[in-house]
Amino acid sequence: MINRMSAEVESVLRDHQALLSKFSELTSNANDALSNIQGLNIEIIDSDYLLINVLGKTIKIQFCSVCRTEGYLVGQITSLLVTNKGTLLETEKIILSSWFDDLGNVNYPTIEKNSGCNLTHNNYLNTFVFQTIQRLLSCEYMAPDSSNC
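Residues numbered from 1 in each chain as written. Predicted model: local features only at pLDDT ≥ 70, side-chain atom pairs only at ≥ 80, totals over all residues. Heavy atoms only, no water.

A.B. asks: Give a detailed account of helix α3 (residues 124-137), specifying residues and quantitative values.
C.D. replies: Its 14 residues place the ends of α3 20 Å apart at the C-alpha level, agreeing with the 20 Å of an ideal helix rising 1.5 Å per residue. For α3, every residue scored as buried is listed here: Tyr124, Leu125, Asn126, Phe128, Val129, Thr132, Ile133 and Leu136. (Helix = DSSP H or I, 4+ residues; strand = E, 2+ residues; numbered from the N terminus. Expected span 1.5 Å × (residues − 1). Buried < 20%, exposed > 50% of the residue type's maximum accessible area, 1.4 Å probe, protein only.)

Written out as structure tokens, the structure is:
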């Protein structure tokens, strides 16, 4: 029983590394991929996240592994709005998420089947960041602060 569980854990850890590698490949050329988005600055590129600044907001594009179904690990890419960056009050609010399998095929939470996108497509990172900005523009995080009026 323990050997079987150990083998399952080892398999999941291998799958996680493979998915993380796909994300790292995606973000390795972030400077080129995002260069056409005016006003966007890349602050940090790390193995499991990318930190960007756009519209005066800090956005983290983060990787993690999640179980889509029993024993089936997929990668999740999530964009998060970071507020109060660098303080004890720092928070992250989810803007957008998508999943990808070990082949890089992308699904969104609202789509049960493959979306037809793949992480290896030249503009996937650009598309994801653009969708993040569109979603950010239509949410309360962009509303004026009326508490000071």
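Having seen the structure, we can now continue with the description.
A.B. asks: Account for the pattern of salt bridges, naming residues and giving values.
C.D. replies: The tally for this structure, following the rule as stated, stands at 2 salt bridges. Between Lys85 and Glu43 there is a salt bridge, with the nearest N and O atoms lying 2.6 Å from each other. Highlighted residues: Lys85 in the loop between β4 (72-83) and β5 (91-100) and Glu43 in strand β1 (residues 41-45), separated in sequence by 42 residues. Judged by its relative accessible area of 35%, Glu43 is partly exposed. Notably, a salt bridge pairs Glu92 with Lys60, separated by 2.8 Å at the nearest N-O pair. (Salt bridge = Lys/Arg side-chain N within 4 Å of Asp/Glu carboxyl O.)

A.B. asks: Explain the packing of aromatic side chains to me, and be specific about the residues and the numbers.
C.D. replies: Counted by the stated rule, this structure contains 3 aromatic pairs. Through a chain of ring-to-ring contacts, the aromatic side chains of Phe23, Phe63 and Phe100 assemble into a single cluster. Residue placement shows Lys60 over the ring face of Tyr49; its charged tip is 5.2 Å from the ring centre. (Phe/Tyr/Trp six-rings, centres within 6.5 Å; stacked < 30°, edge-to-face > 60°. Lys NZ or Arg CZ within 6 Å of the ring centre and 35° of its normal.)

A.B. asks: Could you give an account of the side chain of Ser97, naming the residues involved and the relevant values?
C.D. replies: Looking at where Ser97 falls in the secondary structure, it is placed in strand β5. Overall, Ser97 belongs to the buried group, its relative accessible area being 15%. A distance of 3.1 Å separates a polar atom in the side chain of Ser97 from a polar atom in the side chain of Thr78. (Polar contact = N/O pair within 3.5 Å; in protein donor to acceptor, adjacent residues only side chain to side chain.)

A.B. asks: Go over the sheet that holds β5 with me, naming the residues and quoting the values.
C.D. replies: A sheet is described by the order of its strands in space; here 6 strands give the open sequence β1-β2-β3-β4-β5-β6, paired in antiparallel fashion. Because the sheet does not close on itself, it has two edges, and the strands there are β1 and β6 (106-107). Pairing geometry for β4 and β5, over 9 bridges, is antiparallel. Residue pairing in the sheet places Thr78 in a bridge with Ser97 of β5. (Pairing = 2+ DSSP bridges.)

These values are about where atoms sit, not about what they do.
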